[in-house]
Amino acid sequence: MVSLYLPIVKFILALKLEFSKPQLNHLFTLVHGIILCAGRKNITQIQHAAKDHHHLSSLTNFLNHSPWCMNRMQRRRIQAIMNRIRKSHLNGGDSRRIVFLIVDDTCCKKDRTTKKMEALSFQYSHEEGKSVWCHNLVTTHVVSDGQSYAFDFRPYYPSEYCESQRIAFKSKNDLAVEMIEAFPANDNERVYALMDSWYTSGKVVNACNRKGFHVIAAIRTNRLICPSGMTIKINDFAEQYIRKSDLRSVTVDGQGVYWVYAYEGPVSEIENVRLLLSWKDEYTPSSKPQVCLLCTDPTLDLVTIQRYYHVRWNIETGYRYFKELLGFDQYQLLSFHGIQRFWAIQFLTQNFLEFQRQEWMNGGTDVTLGDVVRRIREEFFGQIVVYVYQQALEKKPLLDILRHLRLSA
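Reading the values: rules and limits
Residues numbered from 1 in each chain as written. Predicted model: local features only at pLDDT ≥ 70, side-chain atom pairs only at ≥ 80, totals over all residues. Heavy atoms only, no water. Axes fitted to C-alpha atoms, helices over the stretch in contact; angles between N-to-C directions. Helix = DSSP H or I, 4+ residues; strand = E, 2+ residues; numbered from the N terminus. Parallel < 35°, antiparallel > 145°, perpendicular 65-115°, else oblique. Left-handed = near helix turned anticlockwise from the far one by under 90°. Contact = heavy atoms within 4.5 Å. Nonpolar A, V, L, I, M, F, W, Y, C, P; charged D, E, K, R; others polar. Buried < 20%, exposed > 50% of the residue type's maximum accessible area, 1.4 Å probe, protein only. Pairing = 2+ DSSP bridges. Core = buried A, V, L, I, M, F, W, Y, C linked by side-chain atoms within 4.5 Å. 1 Å grid on protein atoms, 1.4 Å probe; cavity = no way out; pocket = protein on both sides within 12 Å on 5 of 7 lines; lining within 4 Å. Points joined across faces, edges and corners; volume = space filled by probe spheres on them.

What follows concerns the packing of helix H1 (residues 6–14) against helix H12 (residues 336–360). Closest axis-to-axis distance for the H1/H12 pair is 11 Å, and the angle between their directions is 115°. With respect to H12, the element H1 is oriented roughly perpendicular. Here H1 runs over H12; the crossing is right-handed. Mapping the contact onto sequence places Pro-7, Ile-8, Phe-11 and Ile-12 in H1 and Leu-348, Asn-351, Phe-352, Phe-355 and Gln-356 in H12. Split by residue class, the contact of H1 with H12 holds seven nonpolar, two polar and no charged.

Put into structure tokens, the structure is as follows:
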């Protein structure tokens, strides 16, 4: 008998989700199928990859209508992540460990002919540089002590959609503030919120300050600063007043050499921050800085600020794994309720893979999420070979074996 991958079962059962047995079986099928499915990942293909024999409608009903609480799943999953991180901190012996909370957003693009899927709208995609027909999510990602977890998400709705549905509009910055305020940090954890320029507003920075978090974020060069009491845009200040003799050469491992100018003071509505105006490799007189970073922690040196901000890349690679490896944006569900549950299960799947990656890295070898998926697929294929061999020894009809494995001759 070809069985479910046992570590998946143990991981989900440890969360104590209070699911019925049929609900647990459907959840096992979805997580298992998402990992095993090598091609397009709609619900049909996910079920087929997991060799589930129930009718497809039972799986879609689990996502769209079955009475289970997505918020409970999110809370239990998030608590499991924080427990794993804190256990790692205790084993490391450091009383005040660093946690990076990364904020960003992503689009789940859909074909323009898709009209019946709920909550779709035209929204700007940074990746494509134009508006696309999509769902949009603001998400957080947590990195600490070599661990990298997709953490939380909030769907973003344009104001026109909110008005038509009579729901309160929340900007992407509002959603980011919600997730920052909900982040369950302990007093002995030093949290750095990492963001791109889209989220570097006074609202988000003040939310981090209230939580005792530091911010390291990119910032647009049209923001105002006040060097020596003079109010001026960052790009104008760089072009008119900065010369190469004012810069420091900073080498960051894995990133190369930067020419950096450090400023301390207010930036637009944000008070008392450090600002790094950076040029990569070569500085050109009267040029705009290529990278401009804001930091609210005055104790960090220039190299550390650059190095910490580079951790933000984890959320970008996370989106790539989600979409290319796990099919995060390949759903064909019509109900937005079911779509959000599918996203929650995708986050659960990523967390399981990261837990598994950490276990397999104990030997010191470097392992990626892609390596974990490939190994699980190979082990599952090995199970199928063993099953077929055993059935052949028992002289079972070939058609029965193929039917059980949902394969055609």
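What follows continues from the structure just given.
To continue, consider unusual backbone geometry. Backbone geometry places Asn-272, a non-glycine residue, at a positive phi of 50°. Among the secondary structure elements, Asn-272 is positioned in strand S11 (residues 270–280). Positioned with a positive phi, Lys-395 is a non-glycine residue whose angle comes to about 60°. For Lys-395, the location among the structural elements is in the loop between helix H13 (369–393) and helix H14 (398–404).

Our focus in this paragraph is the side chain of Ser-201. Structurally, Ser-201 is set in the loop between strand S5 (189–195) and helix H8 (202–211). Owing to a relative accessible area of 17%, Ser-201 belongs among the buried residues under this scheme.

Attention shifts here to the pairing of strand S10 (residues 256–267). Here strand S9 (residues 248–252) pairs with S10 via five bridges, running antiparallel. Directly across from Arg-248, in S10, lies its bridge partner Val-260. Between the antiparallel neighbours S9 and S10 lie three residues, among them Gly-254 with a positive phi of about 80°. Here nine bridges tie S10 to S11, and the two strands are oriented antiparallel to one another. Residue pairing in the sheet places Glu-264 in a bridge with Arg-274 of S11. The antiparallel pairing of S10 with S11 creates a hairpin that spans two residues between the two strands, and Ser-268 there sits at a positive phi of about 50°.

Counting 115 residues, the largest nonpolar core has Ile-12, Leu-27, Leu-275, Trp-343 and Ile-345 as its most contacted members. Looking at which element gives the most residues to this core, the answer is H12, with 12 residues. Discounting chain neighbours no more than four positions away, the residues touching Ile-12 are Leu-17, Leu-24, Leu-27, Phe-28, Val-31 and Leu-348. Within the second largest apolar cluster, 22 residues are counted, among which are Val-143, Tyr-192, Leu-194 and Cys-295.

We now examine empty space enclosed by the protein. Applying the stated rule across the entire model yields one cavity of 30 Å³ or more. Estimated volume of the largest cavity: approximately 50 Å³. In terms of lining, the largest cavity is formed by Thr-139, Thr-140, His-141, Ala-150, Ile-315, Gly-318, Tyr-319, Phe-322 and Phe-347. Contributions of two or more residues to the lining of the largest cavity are made by strand S3 (130–144) and helix H11 (313–325). Classifying every residue of the lining of the largest cavity gives five nonpolar, four polar and no charged.

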